[in-house]
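Now for the letters of each chain:
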Amino acid sequence: MNFLELAENTIKKAGIPLTSNEVWEKAGEFGFDKQLKSTGKTPWATLGARLYVDIRDNKETRFEA
């Protein structure tokens, strides 16, 4: 699972809009963080950056600002 898949799955399961930090917290509650292929020290920051870049650069993004 990559960061955008983690965000999409988490938001769908939560059923409400979330900030990137809330997405990370809920992902931990749902156990999605264990499926993430990342070894960085600040995955919540990487998640926020990936969401920002996806929203900025992708007209067909599945996320909202």
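Heads up: the structure comes first, above all this text.
Computed from a predicted structure; not experimentally measured.

**A look at the pattern of salt bridges**
- Per the stated rule, a full pass over the model turns up five salt bridges.
- In this structure, Lys 12 and Glu 8 form a salt bridge, with 3.5 Å as the shortest nitrogen-oxygen distance. In this pair, Lys 12 and Glu 8 both sit in helix 1 (residues 3–14), four residues apart, roughly one turn of the helix.
- Two residues, Glu 29 and Lys 26, come together in a salt bridge whose shortest N-O distance is 3.7 Å. Of this pair, Glu 29 and Lys 26 both sit in helix 2 (residues 20–30), separated by three residues, roughly a single helical turn.
- Note on Glu 29: relative accessible area 57%, which makes it exposed.
- With a relative accessible area of 27%, Lys 26 lands in the partly exposed category.
- When salt bridges with common partners are traced through the structure, they connect Glu 8, Lys 12 and Arg 62 into a single cluster.

The rules behind each value
Residues numbered from 1 in each chain as written. Predicted model: local features only at pLDDT ≥ 70, side-chain atom pairs only at ≥ 80, totals over all residues. Heavy atoms only, no water. Salt bridge = Lys/Arg side-chain N within 4 Å of Asp/Glu carboxyl O. Helix = DSSP H or I, 4+ residues; strand = E, 2+ residues; numbered from the N terminus. Buried < 20%, exposed > 50% of the residue type's maximum accessible area, 1.4 Å probe, protein only.

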